[in-house]
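Descriptive analysis of the structure
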Amino acid sequence: MNVQSFIGKTPLVELSTFDVPAGVRIFAKAEFMNPGGSIKDRIVRYILDDAEHRGLLRPGATIVENTSGNTGAAIAMMAATRGYRAILTMPDKVSKEKQDALRAMGAEVIVCPTSVPPESDKHYVTCARRIHAETRGSFMLNQYDNPLNAEAHFRSTGPEIWEELGRSVTAFVASGSTGGTISGTSRFLKSKNPSVTSVLLDPVGSIYHRYFHEGVVDSSQIAPYFVEGAGEDHLAKCMDFSVVDDVIQFTDADAFATCQHLARREGLVCGGTSGANVWGAVQVARSLTGPAAVVTVLPDSGSKYISKIYNQDWLMQNGFTVDRKTAPEATT
Ligand SMILES: Cc1ncc(COP(=O)(O)O)c(C=O)c1O
């Protein structure tokens, strides 16, 4: 069996060190254990299988995609094993570790400025579209607007959670960028039990929170933040708010403090969105009375962010208060 056979069926870990009401349990799917290192393996395999099946992706073709890194890692892994060329565009806030991992698997990486408006031709999404248009026979997954992205979660992430917890699931909580995870997983869980609550976590600086609550895309709210892989500066078609019951905002500080807690108390060294997701799961858990189960995902590993989230100097330089009981030791 090649590496792609090991995508999905990730462990569901119970988190027991957070202060939540009696009888309220928090579970997290360890998506960083997918072979490409993230939750994105699921959607990339699903979309490429479909494209091959429909003859949209022919042997030796080029796959082009805009990606904050994890979709790119999954594409690079599958391009390497299936014999495709991969060209990946990403914003320059993506960590060097992530960029280099893609190059290691033979992908071409094009780094674009983060601080340009979505309509700029330097924006990483526009850049990928241009390369796709200019490269004959190329295939673009189009993860932001492709319904197969959410469908992959409807067919894998949702059923796996249901198989393990069934009717005990009270709420599913996750941050979103393309919206594939929250939309597909929530849609599946609600199809089994309509009373499951779905909560999207949105970083301060992203548009989704205001859009959900007030129906307005407010570009004046777009602001930089450090967490990689959550929130957006444009509305992704894949984000299906009809299966989302609430959107709550988090800050980088919420996410990173929770990452420290997960590492120090649960032995889980995870990426920033995992910290955000667990922070959100704890907020939702605190609003419930037991018995209840709140489920989230740990989308990628902290090994991709060692020089940032797990480096005390970086944390302090960027204005994050470091809790000495839970934070990593200072290096200087
Ligand atoms: C680290 C990380 N977490 C979470 C997400 C959000 O997932 P989705 O695109 O399914 O909304 C992404 C997406 O890029 C990601 O890279």
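The paragraphs below set out a description of the structure included in this document. None of the values given here were measured: they were computed from a predicted structure.

1. With respect to the pairing of strand β9 (residues 246–250)
Sheet topology note: the strand β8 (residues 197–203)/β9 ladder contains five bridges and is parallel. From the neighbouring strand, P203 faces β9, where its bridge partner is F250. As a crossover connection, the stretch from β8 through helix α8 (residues 208–214) into β9 is right-handed.

2. Here's the deal with helix α3 (residues 96–104)
Within α3, the full set of buried residues consists of K98, A101 and L102. Here the buried residues of α3 occupy an arc of 100 degrees about the axis, which is enough to place them on one side. Seen from the open side of α3, the exposed residues pointing more than 90 degrees away from its buried face are K96, D100, R103 and A104. Packed against the buried residues of α3 are α2 (70–82), β4 (85–91) and β5 (108–112). Positioned one or two residues after α3, G106 has a phi angle of 95 degrees, which is positive.

3. Remarks on the site of the ligand
Close contacts around the ligand come from 16 residues, with T178, T181, G229, T273 and P299 the closest. Counted by class, the shell around the ligand contains two nonpolar, twelve polar and two charged residues.

4. As for the nonpolar core
V173 and V294 are the most contacted members of the largest nonpolar core, which has 59 residues in total. No other element matches helix α10 (residues 272–286), which puts seven residues into this core. Sequence-distant contacts of V294, defined by excluding residues within four places in its chain, comprise V24, I26, T170, A171, V173, A281, V284 and A285. The next biggest cluster of nonpolar side chains, apart from the first, holds 37 residues, and it includes L48, A61, A79 and L148.

5. Regarding the environment of D92
Within the element layout of this structure, D92 appears in the loop between β4 and α3. Judged by C-beta crowding, with 11 C-beta atoms within 10 Å, D92 ranks as exposed. With 179 residues separating them along the chain, D92 and G271 place their C-alpha atoms 17 Å apart. Setting aside residues up to four positions removed in sequence, D92 forms contacts with V111, C112, P113 and T114.

Cut-offs applied
- Residues numbered from 1 in each chain as written.
- Predicted model: local features only at pLDDT ≥ 70, side-chain atom pairs only at ≥ 80, totals over all residues.
- Pairing = 2+ DSSP bridges.
- Helix = DSSP H or I, 4+ residues; strand = E, 2+ residues; numbered from the N terminus.
- Right-handed = clockwise from strand over helix to strand, strands pointing away.
- Buried ≥ 20, exposed ≤ 12 C-beta atoms within 10 Å, placed from the backbone.
- Arc of directions from axis to C-beta.
- Contact = placed C-beta atoms within 7 Å.
- Near = placed C-beta within 6 Å.
- Nonpolar A, V, L, I, M, F, W, Y, C, P; charged D, E, K, R; others polar.
- Core = buried A, V, L, I, M, F, W, Y, C linked by C-beta atoms within 7 Å.

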